[in-house]
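Chain and residue survey
Now for the letters of each chain:
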Amino acid sequence: MRRGALVLLCMVACATAKTGVGGDANGTGSGTDGGNGSGADAKPTAPDANNCAKQPCSLAPQCGCGSGSACQLDGSNLATGGTTCLAAGSGGDDVTCSDDSKCKAGHGCVGGRCRAWCGGDGDCTSGPGALCIIQVVYGSPQMDVPGAKVCTTDCDPSSKTPAGCPSTFGCHVYQESGGAMRYVTDCDPAGTVGAGGSCATNGSRDCQAGMDCINVTRSGVTTAECHPSCICPGNNCAAGSCPSGTGSCQAFNPIVTIGTREYGTCL
């Protein structure tokens, strides 16, 4: 059977997350619910006397809050991107959350897990798959929260237990919807669909960990299917390994490279 172009189905189109006091937060790396925590019970600590560019404190870089506290969005002032100091938790990208109280300083609860606040790509330090492209939004219709962005997470899409992601999440390859159209990685709750199964409903979030949702064209017919992701050693996908019974590692068209690593799919 002739195989046509292999392309990623699930992209980071409109990579946004909505947030509010006790509200939902649905971002690129999550299909779960959770507020941004600005209405959490954690009591604010006294802010430092500061010269932060944003008052009373800054999300990225963290500035203006005392020891043991973190700058987070103020849920009552989302329209202006207002901030406040709250007691800091200890969670990073691999921790799920329902409010900011679980997240360490520099991270906020967006999309059901702690994510790094960022003002630019240089603030996203987990690896080459991490970029500052997720805009936090609120309300209905959705509106941007000024100055509130979070990073994607650098992770291994071929792993069933990707480091840097919560234990029940998988890692997937995504692409910016505009601009430089760069590829990134990010964590999403793992689905249940196995290799070759349909993933048209929720894209890669339908797929089991270690798989991505791709468009596969065979004999002129295109279907959206879950297939294991693979790493192409030395950018040679033919040398990549795939789980038994899932085919061989093949390059995407166009080629998907993040940092110095090329990724392919098992088909």
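Remember, predicted model here, so these are calculated numbers, not experimental data. (Residues numbered from 1 in each chain as written. Predicted model: local features only at pLDDT ≥ 70, side-chain atom pairs only at ≥ 80, totals over all residues. Heavy atoms only, no water.)

Details of the overall build of the protein
Put simply, the test is: Helix and strand definitions follow DSSP, with helices as H or I runs of at least four residues and strands as E runs of at least two, each counted in order from the N terminus. Buried, partly exposed and exposed residues are distinguished by accessible area as a fraction of the type maximum, computed with a 1.4 Å probe on protein chains only: under 20%, between the cut-offs, and over 50%, respectively. What sets the accessible areas is the Shrake-Rupley method with a 1.4 Å probe; for residues, cover comes only from the shown protein chains.
Within the protein, the secondary structure is distributed over zero helices and 14 strands. Within the protein, buried positions represent 50% of all 267 residues. A total accessible area of about 11300 Å² is found for the protein, and carbon and sulfur atoms account for 50% of it.

Some thoughts on the pairing of strand E13 (residues 249-258)
What counts here: Pairing between strands requires that DSSP locate at least two bridges from one strand to the other.
Alignment of E13 against strand E14 (residues 261-266), held across six bridges, turns out to be antiparallel. Bridge pairing in E14 places Cys-249 opposite Cys-266. Between E13 and E14, which pair antiparallel in sequence order, lie two residues; one of them, Gly-259, sits at a positive phi of approximately 65°.

A few points about the nonpolar core
The nonpolar side chains of a soluble globular protein tend to be buried with one another. Convention followed: In these notes, a set of buried Ala, Val, Leu, Ile, Met, Phe, Trp, Tyr and Cys residues joined through side-chain atoms within 4.5 Å is what counts as a nonpolar core.
Counting residues in hydrophobic clusters, the biggest one holds 19 residues, and the most contacted among them are Leu-59, Leu-73, Trp-117, Val-136, Val-145, Ala-148 and Val-150. Put simply, the parts of the chain that give this core at least two residues each are strand E3 (69-73), strand E7 (134-138) and strand E8 (143-150). In this structure, Val-173, Val-256, Ile-258 and Leu-267 belong to the second largest nonpolar core, which totals nine residues.

Some details on the environment of Ser-167
Tracing the chain through its elements places Ser-167 in the loop between E8 and strand E9 (169-175). Counting along the chain gives 72 residues from Ser-167 to Val-95, while the straight-line C-alpha distance between them is 8.4 Å.

As for the state of the cysteines
Where two cysteines share a covalent bond between their sulfur atoms, that bond is called a disulfide. Our working rule: In plain terms, two cysteine sulfur atoms within 2.5 Å form what is called a disulfide here.
Across all of its chains, the model carries 14 disulfides by this definition. With a sulfur-sulfur separation of 2.1 Å, Cys-230 is cross-linked through a disulfide to Cys-249. Looking down the S-S bond of the Cys-230 and Cys-249 bridge, the torsion is 85°, so its handedness is right-handed. Taken together, the positions of Cys-230 in strand E12 (residues 221-232) and Cys-249 in strand E13 put the pair 19 residues apart, joining distant regions of the chain. The buried category is assigned to Cys-249, whose relative accessible area is 7%.

Some thoughts on the pattern of salt bridges
Convention followed: A pairing counts as a salt bridge when a side-chain nitrogen of Lys or Arg comes within 4 Å of a carboxyl oxygen of Asp or Glu.
Per the counting criterion, the structure on display carries five salt bridges. With a closest N to O distance of 2.9 Å, Glu-225 and Arg-218 form a salt bridge. You can call Glu-225 buried: its relative accessible area is 10%. The class of Arg-218 is partly exposed, set by a relative accessible area of 21%.

Remarks on the pairing of strand E5 (residues 107-110)
Residues His-107 and Cys-109 line one face of E5 and the alternating positions Gly-108 and Val-110 line the opposite face, and both faces are buried. Connecting E5 to the antiparallel partner strand E6 (residues 113-118) that follows it, the hairpin turn spans two residues, and Gly-111 within it adopts a positive phi of roughly 75°.

Let's talk about the confidence of the model for the protein
This is how the line gets drawn: Scored from 0 to 100, pLDDT records how confident the predictor is in each individual residue. We call two residues in contact whenever any of their non-hydrogen atoms come within 4.5 Å of each other.
For the protein, per-residue confidence averages 83 on the pLDDT scale, and 81% of positions sit at 70 or higher. Counted against residues more than four places away or in other chains, residues 1-48, with its pLDDT under 50, gives 172 contacts.

Looking at the environment of Cys-232
In this structure, Cys-232 sits in strand E12. Judged by its relative accessible area of 3%, Cys-232 is buried. A sequence separation of 18 residues divides Cys-232 from Gln-250, and the C-alpha atoms of the two residues are 8.4 Å apart. Dropping the residues within four chain positions of it, Cys-232 is found in contact with Cys-237, Cys-249, Glu-262, Tyr-263 and Gly-264.

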